[in-house]
Every structure is written in C-alpha cells, then in structure tokens.
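# Structural overview
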Amino acid sequence: MAEERSLNFLEEIIDNDLKTGKYQTIVTRFPPEPNGYLHLGHAKSICLNFGLTVRYGGKTNLRFDDTNPITEETEYVESIKSDVRWLGFNWSEELYASDYFSQLYEFAVKLINKGLAYVDDSTSEEIAAQKGTPTVPGTNNTFRNRSIEENLNLFTEMKAGKYPDGSKVLRAKIDMAHLNMLMRDPVIYRIKHAHHHRTGDAWCIYPMYDFAHGQSDSIEQVTHSICTLEFVPHRELYDWCIEKLEIYPSKQYEFARLNMTYTMMSKRKLLQLVTEKHVTGWDDPRMPTLSGVRRRGYTPEAIRDFCDRIGVAKRENLIDIGLLEFCQRDHLNKITTRRMVVTDPIKVVITNYPEGKSEILTSENNPEDPDSGAREMPFSGELYIERDDFMEVPAKKNFRLAPGQMVRLKVRTLLSAKILLRMLPATLRNCVARIFQKVKVAPILQV
RNA sequence: UGUCCUAUGGUGUAAUGGUAACACUGCAGAUUUUGAUUCUGCCUUUCUAGGUUCGAAUCCUAGUAGGACAACCA
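This is a predicted model, so every value here is computed, not measured. (Residues numbered from 1 in each chain as written. Chains lettered and ligands numbered in written order. Predicted model: local features only at pLDDT ≥ 70, side-chain atom pairs only at ≥ 80, totals over all residues. Heavy atoms only, no water.)

### Some remarks on the sheet that holds strand β7 (residues 205–207)
The cut-off we apply is this: Strands are treated as partners if at least two bridges between them are detected by DSSP. We count a stretch as a helix when DSSP gives it H or I for four or more residues in a row; a strand needs E for two or more, and each element gets its number in order from the N terminus. Helix axes are fitted to C-alpha atoms over the stretch in contact, other axes to C-alpha atoms as well, and angles between N-to-C directions run from 0 to 180 degrees. We call two residues in contact whenever any of their non-hydrogen atoms come within 4.5 Å of each other.
Judged by pairing direction, the sheet is antiparallel, and its four strands sit side by side in the order β4-β5-β6-β7 without closing on themselves. Each edge of the open sheet carries a strand with a single partner, namely β4 (117–120) and β7. Here the average twist between neighbouring strands, direction ignored, is 20°. Pairing between strand β5 (residues 169–172) and strand β6 (residues 187–191): three bridges, direction antiparallel. Each bridged residue has a counterpart across the sheet, and for Leu170 the counterpart in β6 is Tyr189. Sheet contacts for helix α4 (residues 101–113): β4, β5, β6 and β7; angle to β6, the most-contacted strand, approximately 120°.

### Regarding the confidence of the model for chain A
Under the convention used in this document: Think of pLDDT as the predictor's per-residue confidence, scored from 0 to 100.
Considering every residue of chain A, the mean pLDDT works out to 88; 87% of them sit at 70 or more. Across residues 412–420 the pLDDT falls below 50, and counting only partners more than four positions away or on other chains, this stretch makes 25 contacts in the model. Predicted confidence for residues 436–447 stays below pLDDT 50, and this span has 45 contacts to residues more than four positions away or in other chains. Taken over the whole predicted complex, pTM reads 0.90, whereas the ipTM for its chain interfaces reads 0.96.

### Quick notes on the packing of aromatic side chains
To keep things clear, this is the line we draw: Only Phe, Tyr and Trp rings take part, Trp by its six-membered ring, and two of them pair if their centres are within 6.5 Å. Stacked means planes under 30 degrees apart, edge-to-face means over 60, and tilted covers everything else. Note on classification: 1.4 Å probe, protein chains only; a residue is buried when its accessible area is under 20% of the maximum for its type, exposed when over 50%, partly exposed between these limits. Definition used: whenever NZ (Lys) or CZ (Arg) falls within 6 Å of the ring centre and also within 35 degrees of the ring normal, the charge is taken to sit over that ring.
Summed over all chains, the structure comprises twelve aromatic pairs. Judged by centre distance (6.1 Å) and plane angle (85°), the rings of Tyr76 and Trp282 are edge-to-face. Of this pair, Tyr76 sits in helix α3 (residues 74–87) while Trp282 sits in the loop between α9 (267–275) and α10 (290–296); the two residues are 206 residues apart in sequence, bridging distant segments of the chain. Its relative accessible area of 7% is what places Tyr76 among the buried residues. With a centroid separation of 4.9 Å and an interplanar angle of 15°, the aromatic rings of Tyr105 and Phe155 are classed as stacked. Placement of Tyr105 in helix α4 and of Phe155 in helix α6 (residues 148–160) is noted, with a sequence separation of 50 residues between them. Relative accessible area serves as the criterion here: at 8%, Tyr105 is assigned to the buried category. Look at Phe155 and you get buried, because its relative accessible area is 1%. One aromatic cluster is present, built from ring pairs that chain together Phe101, Tyr105, Phe155, Tyr189, Trp203, Tyr206 and Phe211. One cation-aromatic arrangement involves Lys159 over Tyr105; the distance from NZ or CZ to the ring centre is 4.8 Å. We note Lys168 situated over the ring of Tyr163; from NZ or CZ to the ring centre the distance is 4.1 Å.

### Topic: the packing of helix α2 (residues 40–56) against helix α11 (residues 300–310)
Our working rule: Any angle that falls under 35 degrees is termed roughly parallel, while one over 145 is termed roughly antiparallel, one within 65 to 115 roughly perpendicular, and all others oblique. As a working rule, the residues Ala, Val, Leu, Ile, Met, Phe, Trp, Tyr, Cys and Pro are called nonpolar, Asp, Glu, Lys and Arg charged, and the rest polar, with Gly in that last group.
One way to put it is that α2 packs onto α11 with a least axis distance of 9 Å and a crossing angle of 75°. Classed by the angle they form, the pair α2 and α11 counts as roughly perpendicular. Touching Leu40, Ala43, Lys44 and Cys47 of α2 are Ile303, Arg304, Cys307 and Ile310, all from α11. When its residues are assigned to classes, the contact of α2 with α11 shows six nonpolar, no polar and two charged.

Laid out in structure tokens, this is it:
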C-alpha cells in the first residue's frame, strides 16, 4: 500500500463531490489552444487533469480551444497530441471547440431571443471607452436597445458574411456598471473572414473564449473544469452563460500556474523566441517546451514526478528549477546505464603491471538496477585518467591521484581485495603509478 | 482609490479548532569500487493587530503585502 499523501484542494472537492453523490463519476478536460507548443506549465495542468481521473476514475478529454483562426494551426495540434502522449497520458476523446460552432451559434441566437445579447456596431475603441475602468462604471450605448428582431437579422447577416471584420460584434447584455469588468456586456462573437484550420471557410464569425469554453465544457458534461488563476474573474461569466442558456452546469475551479526560476513560461514570448530565431525552434533544448526538454534528455517520469512534488494550490509560486533537475537526476540514477569516459585524458603507466598483458574485467551496468547486466572492459598497464583527477600538489581533502597518494579504482572483480593504485613521484609529463597491493585493477576509462 | 484571489522555513507543499510537518535547497558529518547514490545531523516557519474559543496556522473583523481584472486573445 502506497504512502497516502494528503489531498490537494481539488482532490478534496472531488472527494467530497463523489462522497455526497453530487457526481457518480468525474469528467475533466485538458483544453490547449493550438497556437504554440506545450511547455512545462502545461505539464502541470496535464498531470492535474489526467491525474485526477486516473485517481478517481472517470475520463479526461483532450479539447482544442480553437476559436481564433488567426493564430491556430494544425502543426500545433499534432505537436500537442504527441507531447501529451509522450508525457504518458491517454485522452478519452479528441475534441475541438470548433466541433461546436453550430451549437454555439444556436446558443447565441437563444441569448438574442431572450433579450440577453445584441449586435453592436461600435469600434473596438468605442467599446473599450464605454466599458469604463475598474473603478468607473461603463455606459450604455444606443445599440444596446436594438430589438430582438433587429439583432436576429443583423446576427444572421454577420454569419452570412455581409459585414467586414471589426464592423460589428455580438455582445451579451448584462450590466455595464458591473463591478466585474468581464460582466460589462462582453463581446461574445466577432467577425473574422479567416481560414480556420478545421472548419475552413465555413464560418466568418467566431465565438470568443467566454462564449465557447464553458459551453464546450457543458456539452461534454465536464464536471470539473480546471484552469489557472487568471480565469477567476471569468467564472462569474462562465456561470452566467450556463445559467441563461439552461445547459449542463459544469463548474470551474482555478489553481496557480507554474512559475519557475530562470524560466520563461509564456507561450507568447516563447513564440517570439521562435519567430525571431533566437532559438532553432520550439524543440530547441534550451526551451522549456516539452519537446525542448525532451530533446535535452528529460524523461516523462521525471516531469511527472516534478508535477507531483510541486503540488497544486491557489497561491502564486516560484519553483526552484533545481527541483526539476533533482527529479531528473533521481530518475536517471535509477535507469541509466553507467559508462566511464575521459574527456581530457592523461596517460598513466602502471610500472609493475606485466608489459603486453591485458585482461578483461566486468563491471555492472547500473548498481541501482540488478537487471541491467554487466559489461566487459579491457584492462592493461596503460590507462587514462581525467586531467582534473591528477594533482601534483594535492589540496586538502584531495582524493584524486597525486604523487605518493593511493586511490581506488572502480572495478568489478571476483576479488574482494582492496584495489589500490599508488602514484609514484611524478609530474604531468611523466605520470606513472604502480599497483600497490596484490590486486586486480580495472580501467578508469576506455578511449 | 473599486471588485476578486492569495498569505506557513530560502523555495514549494501539508497539518481540515487540539504537540507546526514533509520535500527541495544550503551547511556539517558517515559510508562509498561513480567526488554519484545512500545514510545521519543541523539551519530556518504560521504577515500584523484585534476578536471568538478551554484551545486558532485554521473561524470572524480590520490592516498590510503580493497577484488578477479595463483584448473583436485564450
């Protein structure tokens, strides 16, 4: 039985929802926008969303939030899918917000019919100006009073492509004086005569995030819609849409995103690094993208362990990148086959080892893993050591090779005898040693 | 001069009204046929002030600090 760690706040909520019978089973989703590659921050979200249904049962969908055709591309869809798989997770269904464009459109019509949405001809500047500020209430404009019939006609015409980009938007009719800026008649549909990576040119109006995400969750009957803290103010609008549309009540929960020392975790900035060619691509090993760290040698196990250790909470955090490195070292230590290498060699001659003789010794491949087997290594009276491992004048606590000092060599022999090598008085140019006891000696390296 | 979220060692995360703990980092030591691993020890913690309570990290109020919110982005 594994050590039972304490629950994070989301697990507590779910635990409770299951116990009280609010849900029989849970549904989560991982909702990336296909406008960039996944990074370590996404890994946290993936591990969270998928981890929850691994733990509690239920299912996690992969849903692409593709409501903005300008920035989204199929290349990103493919990379995201492969990165999620690489991390070790399998989604139940592969879904797209764009799959729901028709339903979303009908939802908008429903809102209009309920007198809860209107077409606004204002420019974005005007809309921004009318919105007020966090401390100053916004103001109503004349378009707000359009009749349901007029709104219906206009919206239909918007869909039909009668108007150019930016000339009209559909807005939810809520409250221009609301304390929450997002509730001040948010734009829910805009005109974009743009090619969509999936729907092609079928649409020229596209829903905004706030009119697509919650509805998509609802359509999929997502029980726990988990997102990052910056969406906290959106929750009120999320709930409003679901309530007014009278659809399945998915619930949104927010957690703090991952921040890491010395690490840029903004998709926008990472994109900039790529487009301005400061890096060789999204998978440049210096990038914190999953494809980047993968190329760098990170393993999915290490990243999952990392996500497990950093926890999930609601306070802003800054994780020391050293923790990620620790997780990787920890995993590598368990799985890595050992090899010895000398990068800057100096030759050592063992003067009392029979000239011309050589023998084969064996060494285990990984002391942490008994199943990893062993390898054979040749050994003779000439070997090479790292230049840094020799000091003519040894420092305090030095246990490298130095004149007159003894060192042990790593080797696997059948003998349990101590294996000692004694340096004779020597210089770098004239580096010799002799076997000090009746021993077998292993090579320090092979070159 | 608004609303919302948050506040526990250096960094994270627990403790769910009843002895503040675990990991990472750092420092010291032991072991070591990888200066690795492993092991041991140490350093360091409840933002402030009130209140409720036998008892508060936990509940309440106020303050302070940090963050979010005024994209036809997500």
